[in-house]
Structures are given as C-alpha cells and as structure tokens.
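# Examination of the molecular architecture
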Amino acid sequence: MPEFIGEPVAELRKVTKMFGSKKAVNQVSFAIEKGSVTAILGPNGAGKSTAISMMLGLKDASEGEVLLFGRSPKDLKVRERLGAMLQEVSVMDGLRTREIINLIRGYYPNPLSLQDIALLSGLTSEELNKWAVKMSGGQKRKLSFALAIAGNPELLFFDEPTVGLDTSARRLFWQTVRKLASQGKTILFTTHYLQEADDMADRILLFHQGQVVADGTPEAIKSKLTRRSVSFIVDADHRQVKELLHEVPGVTDVYEQDGRLHAVTDDTDTALAALFRTGLAVRDMRIDQGSLDEAFDQLTTSQEEAV
Amino acid sequence: MTTWKLIILQCRMELLRMVRNPYYIFWSLAMPILFYFIFTRVVNTGADDAGQWQAHYLMSMASFSVMGTAIMSLGIRLVQERVQGWAIYMRVTPLPGSVYFFGKMFVQTVMHLLCIVVIFVAGYLMNGVSLSFWQWVLSGLWILIASVPFLAIGTLIGSMKRVDTASGVSNGIYLGLAITGGMWFPIDAMPSIMQAIGKWMPSYHFGGGAWSIVRGEAPGLDNFIILAAYLAVFMVISTYIRKKQQAD
C-alpha cells in the first residue's frame, strides 16, 4: 500500500458487502491518492461495480467503512465534489440534452460552463438540441460523460465507460480523461479492456472474487504476475541442457515448446550468463515478458482452478 | 447552493416535463368527463333531485380523476425513472432526495388542480351545476388535500421493479377503489355486503368529504380519521420498502 501525504480522496477500510449469504466484496481495504488515475480491473462478478456503488453511497457496506474526502459518500458536501458515469445510461424524458445538462449544472456550486462541457464531451450543438431520449447509444454515453463533469468535480468515477463505443469515440474519451487527469482530478474507472488500464492508469486494483488480489502500477503488476523467460534454439541434447539450466540460480521452470527451450526466471541476466558459460551453440535467443492479459488470465483462472 | 434555488430549479423542470407530456393528463381527464356525460346526460338515473345528483356525481368524477393521477401517473413515472437509471443517478448528485421528491409532489399538485378545475368547468358547462362560491372552493380544496393518501399509494407503486407490473397493479387498484368507494355508482345502490366493505375504503371517504360539502355539510370526522389512518399505514410500508431496497 502506497504512503500518502495528506488525506486520501477515497478510502475503503475492511469493507464487506453481503448479498444474502454471498460476499460480493470481502474485507477490502485501499486508499486513493489525490490526482491519481486508478483502474479497477476484474472479471464479471468480481465485485468491481459493488465497490464503486458503495463509494458512491448507492449501496451500504455490510461491514467496514467507506470514506470520500474523509466523510460519508452520502454527505451532500461530498457529492458536490464528485461526478460519476454509471453503467446504466440515464436520461430524463421530456427534456432536451441541453436542458438536462443545465439542470445538473444547477445542482453544483461551481459548475463548468455549458460550452466547456460540450467541448470536453464532444456533444455538437445539434446534439444539444435533441430530445435526450431520442439520442443514440453512443450519444447517450457522451451525455452521461457530460453530466459526470458538469459540476467540475475533483473526483470522477467511470463505471465501464467505453462499453459500446467505437474505436474513435473510445480514443476521444481517453484523450479527454487524460486532460482531466492533467488538471489534477482524481479518476477511478472500471474496465474490461486491459489495454485501457495499462495505457491510462497509474495504478491498478485487480479484483477477484470480492477481494483485491493485486494492487500496484501496471508495470509492477505485470512483472509480479507475468513470467519472464529466456528462450533459444540449441542443437545439443535437450535433456542435458535442461539439467544444466535447472541448476542456474533463479530458474524456476524449464520446458520445450515448438523446438525452443524456455527457461523461466526472474533474473534473465544470470540465466543468459550461465548459458554462455556452457559454450553451447545457442541460436536465436529471446527474452519474453508476458502481457497484462496473461497476468490477468493467470490470476483470475489459477485461483478458480484451485477451488 | 441554497435549497430554495434547488427547489425552484427542480419544480420548473418537472413542470416543463409535465406540459410536454400531456398524455398522462389526457387520460386522467377523458374517462371521468365521459362518465360524467353518460351518467348525467345520457342515462336517466332516476334521481329525485337532478341538481343534487349532478353536483354529487361531479364530485365523484373530480375525486376519481385526481385519485387516478395520484396513483397511476405518479407511480408509473417513479418506476420509469428508476428503470431508466435516472433516479439512481440523482442519488449521486448533490440534489437532496427530499427536493427531488418535492419536485414530483409539486407537479402532482399542479396536475390535480388542473383536473379539478377542468372537471368542475365541464360540470358547469354540461349541466349548469350551481354551487356557492365557498362550496366550489372548499370541495376543490378538499379533493386537493385529501388526495395525499393516494399519493402515498402512488409512491408505493413507484417502488416496483417493472413498468408493466406497476401499470397493471395501479390500474387494478385505481378501478377497484373507484368502484368499491362509490365513485362510479353511489354506494347506497349496491348490495349490503358491498356497502359494508365500501365504508372502509379510502376512496369512499375521499369522495365523502366532497359529497358532504356540496350537500352543504362539513366533511365528517370519519372521513378525516380513516384517510389519516390509511396515510399512516402507507407511509410506514413505504419507509420499510425504501430501507430494504437501500440495504440490497
């Protein structure tokens, strides 16, 4: 857990949420630093959305404490400082897009101007004049984003923000989020797309079966979870080479795949040096680092198998 | 943000939405006015005092209309907003839940007032119903204020999960209350068992206050007590449901 100077923007302290006898979130603790961009990752049903719902004050924790800006998320003063884009697309009938945005702006003490909101969300003036219920799925997403930023909040929640967006809309969305992050806003988002977490977040919280199973920078999670390996082609007797490699400190596994020998190790330098010392005719050496996708799969499947 | 500013903002928006969606008001008005026409102009009910009957049935139809608006349009709209995710989104914004609810009640009151005025005018135009100024005002006020227990029913309907269910259930309750409470046909014309049941219905006492006023009497104490008791029960159930839904 990182050390913070000052009070965290959001904090969960040993939070558990029960649905019947099932623990959707199980003894989760973490704190979110001001100005950070955090991705909450995990397979369906891992507890991501439940955690977000509790942080937004939409669901009560069964045990433990959820704090935003050091207070209850239900506090109106807290709600003035946060914005959220929920999974469900929400619009009100009988109002135009512009009217809905202005209504929500009116709830906050220091809202953004309609012009800024339109610019950031990419809503055109034609879209602003449309009836909100008549908007397409993608347009409603933009509106949903516009409403999240309308109050110029310090803390932003995006629950699966890019589901249903095409590639260019998705790119535009993350560009805007980057802009908001550079203004010092604290951002928390859930996603299924690991690439988005890897690209955008400076911290990943990986949820699995209601618990945080990994917490760190994308780099740290990758290096912790993915196996680095040295692979090569050698014309010598594979069994002999395998035995040799097993004796190298740090090597945890040796296997053969597609005619190449793989030595799994955290310390690839030592393995390489040892390999050269043997004087074997080694060709086409490679160092492989697994992707975040692999790490994710490994983490979320290995535990299921263990059950 | 001062609360007053929020209240005005919210009420203005709700009013705008009401005006833009006249569908709900149309149905709360069409059926009562049609009924009024049929049972005072087409069908000969054989009432001894035609003038009295026309005034009595006007009150029945005004109560019937307001009761429908309170139960159906409030209930169904609440479910709609929750199903669309709007009501949930509102809880993330700094708008106090009480202001959101107040906006809804404000618009309901405006709609009720509109129903009362339109139906009273229809009665005047169709039959020349003549009441004293205070009878018009007091019966209108009675219908406006005594509709609160039905707003509570609407709020209960509003906690349902699906629009279809809410629509079906509210329709059933609405028509059931109207018939058993003697809004369609006077309760005296019903079999004695129906009369016994009817006298415990909130709709009977809702109409009853207005019927008394047009007869030149004050609403009975039983009207007040039974309506207040129903309101209390509905509010307790409603609070219980809300607590339960929050815990999930």
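Residues numbered from 1 in each chain as written. Chains lettered and ligands numbered in written order. Predicted model: local features only at pLDDT ≥ 70, side-chain atom pairs only at ≥ 80, totals over all residues. Heavy atoms only, no water.

## Thoughts on the domain arrangement of chain A
Along its sequence, chain A is organised into domain 1 (10–223) and domain 2 (227–289). Relative placement of domain 1 of chain A and domain 2 of chain A: their C-alpha centres are 45 Å apart. (Domains from an automatic or database assignment.)

## A closer look at the sheet that holds strand 7 (residues 186–191) of chain A
Residues and elements named next belong to chain A. Spatial strand order, 5-6-7-3-8-9: 6 strands in an open sheet with mixed pairing. Looking at the sheet topology across the chains shown, the edges are occupied by strand 5 (82–85) and strand 9 (211–216). Across the sheet, the mean angle from the axis of one strand to that of its neighbour is 15°, orientation sign disregarded. By the bridge criterion, 4 bridges tie strand 3 (residues 37–41) to strand 8 (residues 203–208) in an arrangement that is parallel. Looking across to strand 8, one finds that leucine 41 is bridged to leucine 206. Packing against the sheet, helix 6 (residues 137–149) makes contact with strand 5 and strand 6 (155–159), and its axis sits at approximately 170° to strand 5. (Pairing = 2+ DSSP bridges. Helix = DSSP H or I, 4+ residues; strand = E, 2+ residues; numbered from the N terminus. Axes fitted to C-alpha atoms, helices over the stretch in contact; angles between N-to-C directions. Contact = heavy atoms within 4.5 Å.)

## A short note on the layout of surface pockets
Size it by volume and the largest pocket reaches roughly 1600 Å³. As for the largest pocket, its lining consists of 44 residues, and the residues nearest its centre are Arg82, Ala87, Ile88, Arg91 and Gln245 of chain B. Where the lining of the largest pocket is concerned, the elements lending two or more residues are helix 1 (48–55) of chain A together with helix 3 (50–83), helix 4 (86–90), helix 5 (97–127), helix 7 (148–157) and helix 11 (221–247) of chain B. Counting residues per element, the lining of the largest pocket draws most heavily on helix 11 of chain B, which supplies 7 residues. Of the residues in the lining of the largest pocket, the class split is 17 nonpolar, 15 polar and 12 charged. (1 Å grid on protein atoms, 1.4 Å probe; cavity = no way out; pocket = protein on both sides within 12 Å on 5 of 7 lines; lining within 4 Å. Points joined across faces, edges and corners; volume = space filled by probe spheres on them. Nonpolar A, V, L, I, M, F, W, Y, C, P; charged D, E, K, R; others polar.)

## Side note on the pairing of strand 10 (residues 228–234) of chain A
Residue and element names in this part refer to chain A. The buried count for strand 10 comes to 5 of 7 residues, which makes it a mostly enclosed element. One ladder, built from 6 bridges, connects strand 10 with strand 13 (residues 282–289); its direction is antiparallel. Counted as the bridge partner of valine 230 is isoleucine 287 from strand 13. Relative to strand 12 (residues 260–265), strand 10 is paired through 4 bridges, and the arrangement is antiparallel. By the bridge assignment for strand 12, phenylalanine 232 is matched with leucine 261. (Buried < 20%, exposed > 50% of the residue type's maximum accessible area, 1.4 Å probe, protein only.)

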